Amino acid sequence: QHSAPSCLECPQGNGKNWCNGDCEWIDIDEQFGGGSACIAKGTVPSVSCGAHTATSCANCPQGNGASWCNGDCYWSMGQCVPLLVPVR
């Protein structure tokens, strides 16, 4: 066993076999650039939509269109999409 300052740092380059204990390995939705990550158990991934949060940029508008797509997301071609693609 080992320890790390955060779940994101837990694998230390060794992948999901080193993500355990208080952490869990998840697959990242393609909306966020795909890949996988080690996060704290029970964490619900979320993005900032500006004045509120959602589980993904696609869920930011909640039927309200571009005005509800801000923060970590932006409006493009009729959809709310991530502003930045995370490093895999």
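Anything mentioned here points back to the structure above.
To keep things clear, this report deals only with the structure shown in the data block. (Residues numbered from 1 in each chain as written. Predicted model: local features only at pLDDT ≥ 70, side-chain atom pairs only at ≥ 80, totals over all residues. Heavy atoms only, no water.)

## So, the state of the cysteines
For the structure on display, the rule yields five disulfides. Note that C7 is cross-linked by a disulfide to C23, the S-S spacing being 2.1 Å. Between C7 and C23 the disulfide shows an S-S torsion of about -80°. By sign, it is left-handed. Residue C7 is located in the segment before β1 (23-27), and its partner C23 is located in strand β1; the two are separated by 16 residues in the primary sequence. Accessibility assignment for this pair places C7 and C23 in one class, buried. Taken in N- to C-terminal order, the disulfide-linked cysteines of the protein chain are connected 1-3, 2-4, 5-7, 6-9, 8-10. The closest cysteine sulfur to the non-disulfide-bonded C10 is located on C23, 4.4 Å from its own sulfur. A residue is classified by how much of its surface remains accessible, and C10, at 6% relative accessible area, is buried. (Disulfide = S-S within 2.5 Å. Helix = DSSP H or I, 4+ residues; strand = E, 2+ residues; numbered from the N terminus. Buried < 20%, exposed > 50% of the residue type's maximum accessible area, 1.4 Å probe, protein only.)

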